[in-house]
Amino acid sequence: MTLLLKVYNHHISLMPRLSHLSLCKMISKLVKQGFQRLVDKQRSSFGSEGGNSFNPYPGSSTRVPLSASFLLELLYSLYFCIHTFKHEHTPDLPSEFNKIASVGIQALDDINFRASHELLPEVLLVTNAIKNSLKVNPSGQPKNDSIEINDALSLSLNQST
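The rules behind these values
- Residues numbered from 1 in each chain as written.
- Predicted model: local features only at pLDDT ≥ 70, side-chain atom pairs only at ≥ 80, totals over all residues.
- Heavy atoms only, no water.
- UniProt positions renumbered as here; feature names shortened; annotations may be inferred.
- Helix = DSSP H or I, 4+ residues; strand = E, 2+ residues; numbered from the N terminus.
- Buried < 20%, exposed > 50% of the residue type's maximum accessible area, 1.4 Å probe, protein only.
- Contact = heavy atoms within 4.5 Å.
- Core = buried A, V, L, I, M, F, W, Y, C linked by side-chain atoms within 4.5 Å.
- Salt bridge = Lys/Arg side-chain N within 4 Å of Asp/Glu carboxyl O.
- Axes fitted to C-alpha atoms, helices over the stretch in contact; angles between N-to-C directions.
- Parallel < 35°, antiparallel > 145°, perpendicular 65-115°, else oblique.
- Left-handed = near helix turned anticlockwise from the far one by under 90°.
- Nonpolar A, V, L, I, M, F, W, Y, C, P; charged D, E, K, R; others polar.
- Arc of directions from axis to C-beta.

The name given to the protein chain in an unreviewed UniProt entry is Hyccin-like, with Limulus polyphemus as the source organism. Taken verbatim from the UniProt record of the protein chain, the Sequence similarities (unreviewed entry) comment is "Belongs to the Hyccin family."

1. Remarks on the overall build of the protein chain
Helices and strands together make up the secondary structure of the protein chain, namely 8 helices and 0 strands. Along the protein chain, helices (α) and strands (β) appear in the sequence α-α-α-α-α-α-α-α when read from the amino end. Across the 161 residues that make up the protein chain, the buried fraction comes to 37%. Within the protein chain, contacts between residues at least 6 apart in sequence are counted, and of these 73% link residues at least 24 apart.

2. Observations regarding the environment of I111
Take I111: it is sitting in helix α6 (residues 100-118). In this structure, the C-alpha to C-alpha distance between I111 and L75, residues 36 residues apart in sequence, is 8.1 Å. Non-local contacts of I111, meaning those with residues more than four positions away in its chain, are made with I27, V31, L71, L74, L75, L78, V123 and T127.

3. What about unusual backbone geometry?
Unusually for a residue other than glycine, L119 sits at a positive phi of about 55 degrees. Here L119 shows up in the loop between α6 and α7 (121-136). Residue class for L119 comes out exposed when judged on its relative accessible area of 66%.

4. A closer look at the nonpolar core
By size, the foremost hydrophobic cluster in this structure holds 32 residues, and its most contacted members are L71, L75, L78, I111 and V123. Those elements that provide at least two residues to this core are α1 (2-10), α2 (17-32), α4 (68-85), α6 and α7. Once you skip the residues sitting within four places of it in the chain, L71 turns out to touch V31, L66, I111, L120 and V123.

5. Description of the pattern of salt bridges
Counted by the stated rule, this structure contains 4 salt bridges. D110 is paired through a salt bridge with K32; the nearest N and O atoms lie 3.6 Å apart. Note that D110 is positioned in helix α6 and K32 in helix α2, a separation of 78 residues in sequence. The class of K32 is buried, set by a relative accessible area of 2%. Its salt-bridge partner being K131, residue D109 comes within 3.2 Å of it at the nearest N-O pair.

6. Brief notes about the packing of α1 against α4
When two helices pack together, their arrangement is given by the angle between the helix axes and by the axis-to-axis distance. Look at α1 against α4: their axes get within 9 Å of each other, and the N-to-C directions meet at 20 degrees. On the basis of the axis angle, α1 is roughly parallel to α4. Classified by chirality, the crossing of α4 by α1 is left-handed. On α4, the residues touching T2, L5, K6, Y8 and N9 of α1 are S69, F70, E73, L74, Y76 and S77. Here the contact of α1 with α4 is composed, by residue class, of 5 nonpolar, 4 polar and 2 charged.

7. Looking at α1
The complete set of buried residues in α1 reads L5, Y8 and N9. Seen from one end, α1 has its buried residues packed into an arc of 100 degrees, which puts them on one side. Relative to its buried face, α1 has exposed residues pointing more than 90 degrees away, namely L3, L4 and H10.

And the structure:
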């Protein structure tokens, strides 16, 4: 799966916006799987789409094992989605497309929670770097005196493989 996601990330700028939104939602659902409190929160945040299914055994969902390298590839995708659509407003498109950055930020928080729970330092390093870059430099444009998130991602990806 990591290799497949790496190929997707290589061509992520060519993918349609609906693909980016679906990716952000999939990431959030995948990393929350097995954490009942987070799944209930997800249902309320994504609207009615998650609330229609009935689980006769609440809390019985199993956690999907995710490697650190896979989570880092997911973070690369999220970083692209968040910074590409953070300040973009296109009134001619449905509002679904205008919320890619906010769904991406929610997925970033979910990965941060999962990395904290599983004690994955390289993933925590990158999630915190992305969060701090959003606070310090919300436009996503690189500054001359700071290390870029892409550098931190590539360092972490090289160390984990």
